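Letter by letter, the chains look like this.
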Amino acid sequence: MNEQKFQEKIDLERKIEPKDWMPEEYRSHLIRQISQHAHSEIIGMQPEGNWISRAPSLRAKMILLAKVQDEAGHGLYLYSACETLGISREELVQQLHDGKAKYSSIFNYPTLSWADMGAVGWLVDGAAIVNQVSLQRTSYGPYSRGMVKICKEESFHQRQGYEIMAEMAKGTPEQKEMAQDALNRFWWPSIMMFGPQDSDSPRTGNAMKWKIKRQFNDELRQKFIDQTVGQVKVIGLEIPDPDLKWNEERGHYDFGKMNWDEFWSVVNGNGPCNIQRLDHHKKAHSEGEWVRKAARSYSNKQEIINA
Amino acid sequence: MSDNTKVWEVFIQSKNGLAHKHVGNLHAPDKEMALQNARDLYTRRNEGSCIWVVKAEHIISSESEDGEAFFDPSNDKIYRHPTFYTLPKGSKYI
Ligand SMILES: [Fe+2]
Ligand SMILES: [Fe+2]
């Protein structure tokens, strides 16, 4: 009965709000997905934070700082949305530290040169935007509203990355080589950010029925590739995929085989930076403990004074 | 209070003269930090001229689902809307 009413609401494109009845599986699916999304925003600050102190100009530094600060904000919006499902911030962070909750695998790759700041903003944020634009229509109200806010802020992220790449691609031969190298390293992990091919993706069923997900992984991936190919040409770089070519019949680009063995190996902890990313988060969290303690005791004191 | 998790709801007035609008929430241990966090989290692009923060526990909400009954008293009073009234032909500015 409840379940049927719930589905009717979903079918009518009405949003589900925190106090509404929902199937337990809907709730747990959302907690998993939103927390993974939140952790990705937070962990995603590390590969870029790595370059703030070494940005090549004051302008570049201010932009990168503002971008990383936005990502912290995105993480917080998403933690808020997730908490409306009845899980606490502490539990969410604990799940991350225990390795029970994941974050996007892309952040387990290192950022080796300044050109990587270009590749990350342009491709990683670019791919994330395609996904997030689609999620603006997700059925859970708080998640959907968070996505709307995030999408508004994302638009500069991709552009600043593309600007860095364009700049380097027309620089000295060494700079152009760095740009191409960054593209080579980030291309495949970026298109794998959309997740496994739908034929191998067991959870898609209910997520689509409940409109948590609005488009298939393959559909989103294709959209990203189609819109990026032209941008690569404009700045004179080359996508590291010999099979990439326009398919007149489909009206889309065909592309080569993705290396899912590597993808799963990185997801399961064997990427170049998995340990480093998590350790850094744990360290920052425990080093901040005295600040939280001090703020807490100050707040308790104020309550006594004002009582 | 064992941890740091006081939740504050945030309302922003986007421009002088307009009403404050709910934008989201945040965690903070006290009201000063709640205001500062709200500024950093919700007004990074000049979204507001004034911020209110209210402890979430102080907000009382009606039920969002099956709450129609709560609003029943006003449902049948269509005479509260100007479109209910017939005006004589030719009347203006009313
Ligand atoms: Fe983001
Ligand atoms: Fe971003």
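Provided above is the structure to which this section pertains.
Position numbers for residues start from 1 in each chain and track the written sequence from start to end. Chain A is the first chain written and ligand 1 is the first ligand written, with later ones labelled in order. Where local features are concerned, this predicted model is filtered to residues with pLDDT of at least 70; where side-chain atom pairs are given and counted, the filter is 80 or more; whole-chain, interface and lining totals use all residues. Hydrogens and water molecules were not included; the side-chain quantities draw on all heavy atoms of the structure.

Caption draft 1: Spotlight on the sheet that holds strand E3 (residues 50-55) of chain B. Residues and elements named next belong to chain B. Strands were regarded as paired on the criterion that DSSP finds at least two bridges between them. What counts as a helix is a DSSP run of H or I of at least four residues, what counts as a strand is a run of E of at least two, and both are numbered from the N terminus. Read from one edge of the open sheet, three strands run E2-E1-E3, paired in antiparallel fashion. In the strand order of this sheet, the two ends are held by strand E2 (20-27) and E3, each with one partner. For this sheet, the mean angle separating the axes of adjacent strands, direction not counted, is 25°. The sheet contact formed by strand E1 (residues 7-13) and E3 spans six bridges and is antiparallel. By the bridge assignment, Glu 9 is partnered in E3 with Val 54. In this analysis, axes come from line fits to C-alpha atoms, helices being fitted only over the stretch in contact, and the angle between any two N-to-C directions falls in the range 0 to 180 degrees.

Caption draft 2: Expanded view of the coordination of the iron ion (ligand 1). Residues and elements named next belong to chain A. Note that water is not among the atoms used; donors are N, O and S atoms within 2.8 Å of the metal (3.2 Å for Na, K and Ca), so sites may look incomplete. Donor atoms from the polypeptide that coordinate the iron ion (ligand 1) comprise Glu 41 (OE), Glu 71 (OE), His 74 (ND1) and Glu 154 (OE), at 2.1 to 2.3 Å from the metal. Any site counts as irregular unless it has four donors with all angles between 85 and 135 degrees, making it tetrahedral, or four or six donors with opposite ones more than 155 degrees apart and the rest between 65 and 115, making it square planar or octahedral. The site at the iron ion (ligand 1) holds four donor atoms, and with the angles between them running 80 to 161°, its shape is irregular. Positions of the donor residues of the iron ion (ligand 1), expressed as sequence spacing, correspond to E-x29-E-x2-H-x79-E. A separation of 3.3 Å is found between the iron ion (ligand 1) and the iron ion (ligand 2), which are bridged by Glu 71. One end of the pair, His 74, is in helix H4 (residues 58-83); the other, Glu 154, is in helix H7 (residues 141-169), with 80 residues separating them in the sequence. Summary of the burial criterion: residues with accessible area below 20% of their type's maximum are buried, those above 50% are exposed, and those between are partly exposed, where the area comes from a 1.4 Å probe applied to protein chains only. A relative accessible area of 0% means that His 74 is categorised as buried. Here Glu 154 falls in the buried class, since its relative accessible area comes to 2%.

Caption draft 3: Expanded view of the environment of Tyr 298 of chain A. With respect to the helices and strands, the residue Tyr 298 of chain A is situated in helix H13 (residues 289-306). What makes Tyr 298 of chain A partly exposed here is its relative accessible area of 38%. In what follows, a contact means two residues having at least one pair of non-hydrogen atoms within 4.5 Å. Those residues within four positions of Tyr 298 of chain A in sequence are excluded, and the remaining contacts are Asp 30 and Glu 32 of chain B.

Caption draft 4: Spatial organisation of the packing of aromatic side chains. Stacked, edge-to-face and tilted labels apply to pairs of Phe, Tyr and Trp rings (six-membered ring for Trp) whose centres lie within 6.5 Å, assigned for plane angles under 30 degrees, over 60, and everything in between, in that order. According to the stated counting rule, one finds 16 aromatic pairs over all chains in the structure shown. Taken together, a centroid distance of 5.2 Å and an interplanar angle of 90° make the contact between Phe 70 of chain B and Phe 71 of chain B edge-to-face. Judged by its relative accessible area of 58%, Phe 70 of chain B falls in the exposed class. Ring centres 5.1 Å apart and planes at 85° place the aromatic pair Phe 84 of chain B and Tyr 85 of chain B in the edge-to-face group. Assessed through its relative accessible area of 43%, Phe 84 of chain B is described here as partly exposed. Looking at Tyr 85 of chain B, the relative accessible area reads 48%, which means it is partly exposed. Members of the aromatic cluster, joined through ring pairs, are Phe 6, Trp 21, Tyr 26 and Trp 210 of chain A. By the criterion adopted, a ring carries a charge over it if an Arg CZ or a Lys NZ lies within 6 Å of its centre and within 35 degrees of its normal. Its end group placed over the ring of Trp 51 of chain A, Arg 54 of chain A keeps NZ or CZ at 4.1 Å from the ring centre.

Caption draft 5: Just the interface of chain B and chain A, in detail. Of the residues lining the interface, 24 residues belong to chain B; the matching set on chain A comes to 25 residues. Buried surface at the junction of chain B and chain A, summed over both partners, amounts to about 2,000 Å²; 41% is from carbon and sulfur atoms. Salt bridge criterion: a side-chain nitrogen from Lys or Arg within 4 Å of a carboxyl oxygen from Asp or Glu. The interface formed by chain B and chain A contains six salt bridges. In this structure, the salt-bridge partner of Glu 303 of chain A is Lys 6 of chain B, at a minimum N-O distance of 2.8 Å. Polar contact criterion, stated in full: a pair of N or O atoms within 3.5 Å, where within protein one must be able to donate a hydrogen and the other to accept it, and residues adjacent in sequence count only if both atoms are side-chain atoms. Linking chain B to chain A there are eleven residue pairs in polar contact (both at pLDDT 80 or more). Residue contributions to the side of chain B that touches chain A peak at four residues, all from helix H1 (residues 31-42) of chain B. Throughout this entry, Asp, Glu, Lys and Arg are counted as charged residues, while Ala, Val, Leu, Ile, Met, Phe, Trp, Tyr, Cys and Pro are counted as nonpolar. The remaining residues, Gly among them, count as polar. Classifying every residue of the side of chain B that touches chain A gives six nonpolar, eight polar and ten charged. Summed over both partners, the accessible area lost on bringing two parts together, with a 1.4 Å probe, is the buried area.

Caption draft 6: Spotlight on the coordination of the iron ion (ligand 2). The iron ion (ligand 2) binds to the protein through Glu 71 of chain A (OE), Asp 125 of chain A (OD), Glu 154 of chain A (OE), Glu 154 of chain A (OE) and His 157 of chain A (ND1); the donor distances cover 2.0 to 2.6 Å. All donors to the iron ion (ligand 2) come from one chain, and their sequence spacing reads E-x53-D-x28-E-x2-H.

Caption draft 7: Region of the structure containing the pattern of salt bridges. Residue and element names in this part refer to chain A. For the coordinates displayed, the defined rule picks out 26 salt bridges over all chains. Glu 163 is the salt-bridge partner of Arg 59, the closest N and O atoms lying 2.9 Å from each other. Of the two residues, Arg 59 is situated in helix H4 and Glu 163 in helix H7; the sequence distance between them amounts to 104 residues. Residue classification places Glu 163 among the partly exposed residues on the basis of a relative accessible area of 36%. Of the charged contacts in the structure, one is a salt bridge between Lys 283 and Glu 287, with a shortest N-O distance of 3.8 Å. Residue Lys 283 and its partner Glu 287 are located together in helix H12 (residues 274-287), separated by four residues, close to a single helical turn. Taken together, the shared-partner salt bridges connect Glu 48, Lys 67, Glu 71 and Asp 125 into one network.

Caption draft 8: View of a nonpolar patch on the surface. On the surface, Ile 78, Tyr 79, Phe 84 and Tyr 85 of chain B cluster together into a nonpolar patch covering about 440 Å² of accessible area. Along the chain, Phe 84 of chain B falls in the segment after helix H2 (68-75). Distance thresholds for patches are 9 Å for like charges and 5 Å for nonpolar side chains (Val, Leu, Ile, Met, Phe, Trp, Tyr), applied to residues having over 30% relative accessible area and no salt bridge. Where accessible areas are quoted, they stem from the Shrake-Rupley method and a 1.4 Å probe; at the residue level, only the protein chains shown are allowed to cover.

Caption draft 9: The nonpolar core, seen in detail. All names here are of chain A. By size, the foremost hydrophobic cluster in this structure holds 48 residues, and its most contacted members are Trp 114, Leu 123, Met 165, Leu 183, Trp 187, Phe 224 and Leu 237. Of all elements in the fold, only helix H3 (45-52), H4, helix H6 (115-135), H7, helix H8 (173-192), helix H10 (217-234) and helix H11 (260-270) reach the threshold of two or more residues within this core. Looking at which element gives the most residues to this core, the answer is H6, with nine residues. Those residues in contact with Trp 114 that sit more than four places away from it in its chain are Trp 51, Ala 55, Pro 56, Ala 60, Leu 64, Ile 164, Met 168 and Met 178. We call a set of buried residues a nonpolar core when its members are Ala, Val, Leu, Ile, Met, Phe, Trp, Tyr or Cys and they connect through side-chain atoms within 4.5 Å of each other.

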